[in-house]
Amino acid sequence: KAGVTQTPRYLIKTRGQQVTLSCSPISGHRSVSWYQQTPGQGLQFLFEYFSETQRNKGNFPGRFSGRQFSNSRSEMNVSTLELGDSALYLCASSRDPAGELFFGEGSRLTVL
Amino acid sequence: AQRVTQPEKLLSVFKGAPVELKCNYSYSGSPELFWYVQYSRQRLQLLLRHISRESIKGFTADLNKGETSFHLKKPFAQEEDSAMYYCAPTMTGANSKLTFGKGITLSVRP
């Protein structure tokens, strides 16, 4: 079966811009979670969605937001980009919350 | 507050040596316990979960509820074990929250 797909894979933005990242989960998976991965901080939880509802949110500023659609696809948005937002953003899907996570390859964001 | 600690950032061993990757957690309740692994140029993937009690690629993880630890062990490391390892205790239920440790890089030298 197809794995978790994230688009775009790479993108470069400048400070102050905004960005939208997309994640298509494995078919049948209703839970989608997002993470920011950086060398210094490891994997940091951004938010989790299940059946279009945000179940949990990590400790990130309000510039970071997300949503989930009825087909379980999810998007995350970062507004007013800062240099420190440069990171690999990973999406993971699971059949249900707290289940095994299946990760995408990530979207690598560079903010100049 | 939920907290997971992987005290070391890097562990370097020779092939054939034993490996122990440490994970300590501080949770109110009984989380389900996972270890995830990321090999070079591959996706992050599940290595093992405590509830299944399986040994994957020779790795096992022992839950010590008294010490709230879930250390990952392998008696004889192989070069292909070189990767980044993340511990992930996960609360289930309505208050489930996904938390990962900062990860540890395991380097197995020939």
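Everything numeric here is computed off the predicted structure, so don't read it as measured data.

**A look at the interface of chain A and chain B**
Taken together, the contacts link 23 residues of chain A with 20 residues of chain B. Each partner contributes to the roughly 1800 Å² buried at the junction of chain A and chain B, and carbon and sulfur atoms together form 52% of this total. Its largest share of buried area at the contact with chain B, chain A owes to Leu43(A), Ala98(A) and Phe103(A), together 31% of the area lost on that side. At the junction of chain A and chain B, the tally comes to one salt bridge. Connecting chain A to chain B are six residue pairs in polar contact (both at pLDDT 80 or more). Elements with a minimum of two residues in the side of chain A that touches chain B: β4 (31–38), β5 (42–50) and β6 (53–57) of chain A. Element by element, the count of residues in the side of chain A that touches chain B is highest for β5(A), at four residues.

**A closer look at the nonpolar core**
All names here are of chain B. Membership of the largest hydrophobic core comes to 26 residues, with the highest contact counts inside it found for Leu 21, Trp 35, Leu 47, Leu 48, Leu 72 and Tyr 85. Elements supplying a minimum of two residues to this core: β2 (10–14), β3 (19–21), β5 (32–38), β6 (45–49), β8 (69–74), β9 (83–90) and β10 (104–109). Leaving out residues up to four positions away in the same chain, Leu 48 has contacts with Leu 33, Phe 34, Trp 35, Glu 54, Ile 56, Phe 59, Thr 60, Ala 61, Phe 70 and Leu 72.

**Focus on the pattern of salt bridges**
Under the definition given, this model contains 11 salt bridges over all chains. Here Glu32(B) makes a salt bridge to Arg49(B), at a shortest N to O gap of 2.6 Å. Here Glu32(B) is found in strand β5, whereas its partner Arg49(B) is found in strand β6, with 17 residues between them in sequence. Judged by its relative accessible area of 14%, Glu32(B) falls in the buried class. Where Asp62(B) meets Lys73(B), a salt bridge forms, and the shortest distance between an N and an O atom there is 3.6 Å. Within this pair, whereas Asp62(B) is found in strand β7 (residues 60–64), its partner Lys73(B) is found in strand β8, the two being separated by 11 residues in sequence. Looking at Lys73(B), the relative accessible area reads 30%, which means it is partly exposed. A cluster of three or more residues bridged by salt bridges with shared partners is formed by Arg9(A), Glu105(A) and Arg43(B).

**A closer look at the environment of Gln6(B)**
Residues and elements named next belong to chain B. Structurally, Gln 6 can be placed in the loop between β1 (3–5) and β2. Sequence separation between Gln 6 and His 71 is 65 residues, and the spatial gap between their C-alpha atoms is 9.3 Å. What Gln 6 contacts, discounting residues up to four positions off in sequence, is Lys 22, Trp 35, Tyr 85, Tyr 86, Cys 87, Gly 101, Lys 102, Gly 103 and Ile 104. At 3.1 Å, the side chain of Gln 6 forms a polar contact with the backbone oxygen of Tyr 85.

**So, the confidence of the model for chain B**
The share of residues in chain B with pLDDT of 70 or more is 95%, and the mean pLDDT across the chain is 88. Taken element by element, the predicted model of chain B shows its lowest mean pLDDT in β7(B) (85) and its highest in β2(B) (97).

**Brief notes about the environment of Gly106(A)**
All names here are of chain A. Looking at the element boundaries, Gly 106 is found in the loop between β10 (102–103) and β11 (107–111). With 102 residues separating them along the chain, Gly 106 and Val 4 place their C-alpha atoms 9.4 Å apart. Gly 106 has contacts with Gln 6, Pro 8, Arg 9, Leu 88, Tyr 89 and Leu 90, leaving out every residue within four places of it along the chain.

The rules behind each value
Each chain has its residues counted from 1, running along the sequence as written. Chains and ligands are labelled sequentially in the order written, the chains with letters from A and the ligands with numbers from 1. The model is predicted, so local features are restricted to residues of pLDDT at least 70 and side-chain atom pairs to those at 80 or more, both for listing and for counting; the totals for chains, interfaces and linings are taken over all residues. Water and hydrogen atoms were dropped before computing side-chain values, which therefore reflect all heavy atoms in the structure. Whether two residues are in contact is decided by their heavy atoms, any of which lying within 4.5 Å being enough. A 1.4 Å probe defines the accessible area here, and the buried area is the portion of it lost by two parts on being joined, summed over both. Should a side-chain nitrogen of Lys or Arg be within 4 Å of a carboxyl oxygen of Asp or Glu, the pair is scored as a salt bridge. Contacts described as polar in this section are N or O atom pairs within 3.5 Å, which, within protein, must combine one atom able to donate a hydrogen with one able to accept it, while residues neighboring in sequence count only if both atoms come from side chains. Here a strand is any run of E in DSSP of at least two residues, a helix any run of H or I of at least four, and the numbering for each starts at the N terminus. Take the buried residues of types Ala, Val, Leu, Ile, Met, Phe, Trp, Tyr and Cys, join any two whose side-chain atoms come within 4.5 Å, and each joined set is a nonpolar core. For every residue, the accessible area (1.4 Å probe, protein chains only) is compared with the maximum for its type, and the residue is labelled buried under 20%, exposed over 50%, or partly exposed between those bounds. Confidence of the prediction at every residue is given by pLDDT, a number between 0 and 100.

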